[in-house]
Amino acid sequence: TALFQQIRASEYAPEPAGELARADWAAGEAMPFVGRAHELAQLADYLNRRDCRLVTIVGLGGSGKTRLALRAAGEQGAAFADGAYVVPLASVQSGELIVPAIAQGVGRVLGGADDPQGQLAGHLRGKQLLLVLDNLEHLPSAARLVAALLERAPGLTVLATSRERLQVRGEWVLSIGGLDLPAAG
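1. Considerations on helix α6 (residues 116-125)
Here is step 1 of the chain: Turning to α6, its buried residues number three or more, namely Q119, L120, A121 and L124.
Here is step 2 of the chain: Buried-residue contacts for α6 involve α5 (98-105), β3 (129-134), α7 (142-152) and β4 (156-162).

Here is the structure:
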C-alpha cells in the first residue's frame, strides 16, 4: 500500500535499469551465441543508417528475437553517443504502463502534473541513443507511442521485438525463423 501511495504521489523513484554495458554483455551470457551472423550483420547495417530509426525484429515466440536484439545492442550501442538501453516489456500488462516502464529503463523519473509521455519525449529529445523495446506484441498502443517518441526525439533509434510488425511509418523489419539445423554428416 505504501508503494502504491508513493507512486500515486510521484514520490517513488525506482533505480533505473541502466545503460547496456557492452563490455558486460558477453560475460553475462549463460550460453554461447551461435548462428544469426547474417541477421546480426543486417541489424548492424540497419542501425548504422541515418534513414533507419525503427527496426522491428519479427518472429514466432521462442525464435530468439530477444537474444538477437540484445546481442545487436551490445555490438552497436557504442555507435550511439548516449549508449543503448534495454526495456523489457513482457510483464507490462497495460498500455498506460508503457511510458513509466520506458522512463525507468532510461533513468528518467516521472513526476508532477506534466504529461508523462511529454516528460519522456523531453528527456530523449537531446540524446542520441538506441532504445531496445522487447516484447511489444501484447501492447497495441505501443506503436503510437514509438511513433510519437521518434517524431519528438530526432536522435532516438528504436530496436523492437514483436511477433508482428508495428505498422509504423518508416519501420524496417527483420523477420526471423528458427535456427538452421547442421548438415547431417
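2. Examining the packing of aromatic side chains
Here is step 1 of the chain: On inspection of all chains with the given rule, the structure shows one aromatic pair.
Here is step 2 of the chain: Between Y46 and W172, the ring centres sit 5.0 Å apart and the planes meet at 65 degrees, which makes this aromatic pair edge-to-face. Of this pair, Y46 sits in helix α3 (residues 37-47) while W172 is found in strand β5 (residues 171-175), placing the two residues 126 residues apart along the sequence.
Here is step 3 of the chain: Under the relative-accessibility criterion, Y46 is labelled buried at 12%.

3. Thoughts on the packing of α5 against α6
Here is step 1 of the chain: Running from N to C, α5 and α6 cross one another at 30 degrees; their axes reach a closest spacing of 9 Å. Considering their axes alone, α5 and α6 lie roughly parallel with respect to each other. Considering how the two elements wind past one another, α5 and α6 form a crossing that is left-handed. For the pair formed by α5 and α6, the contact residues are V99, I102 and A103 on the first element and P116, Q117 and L120 on the second.
Here is step 2 of the chain: Residue composition of the contact of α5 with α6, by class: five nonpolar, one polar and no charged.

4. Quick notes on the sheet that holds β3
Pairing between sheet strands relies on hydrogen bonds along the backbone, with the strands arranged either parallel or antiparallel.
Here is step 1 of the chain: One open sheet accounts for five strands, arranged β2-β3-β4-β1-β5; its pairing is parallel. The open sheet terminates on both sides in strands that have one partner only, identified here as β2 (84-88) and β5. Taken over all neighbouring pairs, the strand axes of this sheet differ in orientation by 20 degrees on average, direction set aside.
Here is step 2 of the chain: Note: strand β1 (residues 54-58) against β4, five bridges, orientation parallel. Residue L54 lies in a different strand from β4, and its bridge partner there is V158.
Here is step 3 of the chain: Each of β2 and β3 is contacted by α5, which is oriented at about 140 degrees to β2, the strand it contacts most.

5. Considering the confidence of the model for the chain
Here is step 1 of the chain: Mean pLDDT for the chain: 84, with 79% of residues reaching 70 or above.
Here is step 2 of the chain: Scored below 50 in pLDDT, residues 12-18 makes 14 contacts in the model with residues more than four places away or belonging to other chains.

Cut-offs used in this document
The written sequence of each chain sets the order in which its residues are numbered from 1. In keeping with the model being predicted, local features are shown solely for residues with a pLDDT of at least 70 and side-chain atom pairs are shown and tallied solely at 80 or more, while totals for entire chains, interfaces and linings include all residues. Based on all heavy atoms of the structure, the side-chain values leave hydrogens and waters out of the count. Accessibility here uses a 1.4 Å probe with only protein chains present; expressed as a share of the type maximum, an area under 20% marks a residue as buried, one over 50% as exposed, and anything in between as partly exposed. Strands here are runs of E lasting at least two residues and helices are runs of H or I lasting at least four, both read from the DSSP assignment and numbered beginning at the N terminus. When checking whether two residues touch, look at their non-hydrogen atoms; a contact exists if any pair is within 4.5 Å. Here the aromatic set is Phe, Tyr and Trp, taking the six-membered ring for Trp, and pairing holds for ring centres within 6.5 Å; pairs whose planes are under 30 degrees apart are stacked, those over 60 apart are edge-to-face, and all others are tilted. Convention adopted: a line fitted to C-alpha atoms gives each axis, helices being fitted over their contacting stretch, and angles between N-to-C directions are expressed from 0 to 180 degrees. Note on terminology: angles under 35 degrees are roughly parallel, angles over 145 are roughly antiparallel, angles of 65 to 115 are roughly perpendicular, and the others are oblique. For any pair of crossing helices, the crossing counts as left-handed if the nearer helix is rotated counterclockwise from the farther one by less than a right angle, and right-handed if it is rotated clockwise. Under the convention adopted here, Pro, Cys and the residues Ala, Val, Leu, Ile, Met, Phe, Trp and Tyr are nonpolar, Asp, Glu, Lys and Arg are charged, and Gly plus all remaining residues are polar. Paired strands, as defined in this entry, are two strands with at least two bridges between them according to DSSP. Scored from 0 to 100, pLDDT records how confident the predictor is in each individual residue.

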